[in-house]
Every structure is written in structure tokens, then in C-alpha cells.
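Residues per chain, in single letters:
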Amino acid sequence: MPKSKMMVSVGVALVSAILWAMICLNFGIYSWIKSSNIKSVLVALPLFICVAPSVFPMIIAGTYLQLTYKDKIRGYVDNITKRQSR
């Protein structure tokens, strides 16, 4: 595996995990505002703990596959558009 593609994939996964944490925090703050109870922020904690570990490897794998097969997919799309233009 080329390191550059893997590093890009890990970077994208880290950014996605940070964004997911921000979404969960925003949900927790929203529920705190709606209920006027600070403990309602803890509702977002299981959401983050359960989903983040599964999202991280899926994003790494998806980004790596996309970067690996980007040229092949582009070739297939070009062939299809050439056939349709005839």
C-alpha cells in the first residue's frame, strides 16, 4: 500500500471523526437547551462512542479504495461517454 494514499485516507477519517464529534456535541447542546438540564448533554455521549469506532475504519477503507481505483473508474466513464457520443 502506498503511504501517501493511506495517509490521505487516515487524514480524511480523522477529519470525519472530528466532524462527527462536533455533530454529537451540537446535538447534546441542543438537547440541553430544550430540556434545561445539563445532564441531557450525556445523551450524545453514547451516540459518539457507538458510532465513531465503526465510522473511522469505513471512511479509511472507502477513501483508500476511491483513491486506488480513481483512474480505472475514470477510464470506464470515458469509454461510456465515447460510446454514447457515437
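Residues numbered from 1 in each chain as written. Predicted model: local features only at pLDDT ≥ 70, side-chain atom pairs only at ≥ 80, totals over all residues. Heavy atoms only, no water.

Turning next to the side chain of S40. Position of S40 relative to the elements: it lies in the loop between helix 1 (3-35) and helix 2 (44-68). A relative accessible area of 12% places S40 in the buried class. A polar contact of 2.6 Å, which involves the side chain of S40, links it to the backbone oxygen of N37. Not counting residues up to four positions away in its chain, the partners in contact with S40 are G28, S31, W32 and S35. (Helix = DSSP H or I, 4+ residues; strand = E, 2+ residues; numbered from the N terminus. Buried < 20%, exposed > 50% of the residue type's maximum accessible area, 1.4 Å probe, protein only. Polar contact = N/O pair within 3.5 Å; in protein donor to acceptor, adjacent residues only side chain to side chain. Contact = heavy atoms within 4.5 Å.)

Averaged over every residue, the pLDDT of the protein is 86; the share at 70 or more is 97%. Ranking the helices and strands of the protein by mean pLDDT puts helix 1 first, with 90, and helix 3 (residues 70-85) last, with 80. (pLDDT = per-residue confidence, 0-100.)

Checked against the element boundaries, L14 lands in helix 1. On the basis of relative accessibility, which here comes to 44%, the residue L14 falls in the partly exposed class. For the pair formed by L14 and F56, sequence separation is 42 residues and the distance between their alpha carbons is 7.4 Å.

All right, on to helix 2 then. For helix 2, which comprises 25 residues, the first-to-last C-alpha distance of 35 Å matches the rise-based estimate of 36 Å (1.5 Å per residue) to within 8%. Largest kink in helix 2: about 35 degrees, centred on A52, with the proline P53 one to four residues after it. (Expected span 1.5 Å × (residues − 1). Bend = angle between axes of the 7 residues up to and from the residue.)

A separate point is the environment of V43. You can see V43 is positioned in the loop between helix 1 and helix 2. Taking relative accessible area as the criterion, V43 reaches 48% and is therefore assigned partly exposed. Remark: the alpha-carbon pair of V43 and D71, spanning 28 residues in sequence, is separated by 43 Å.

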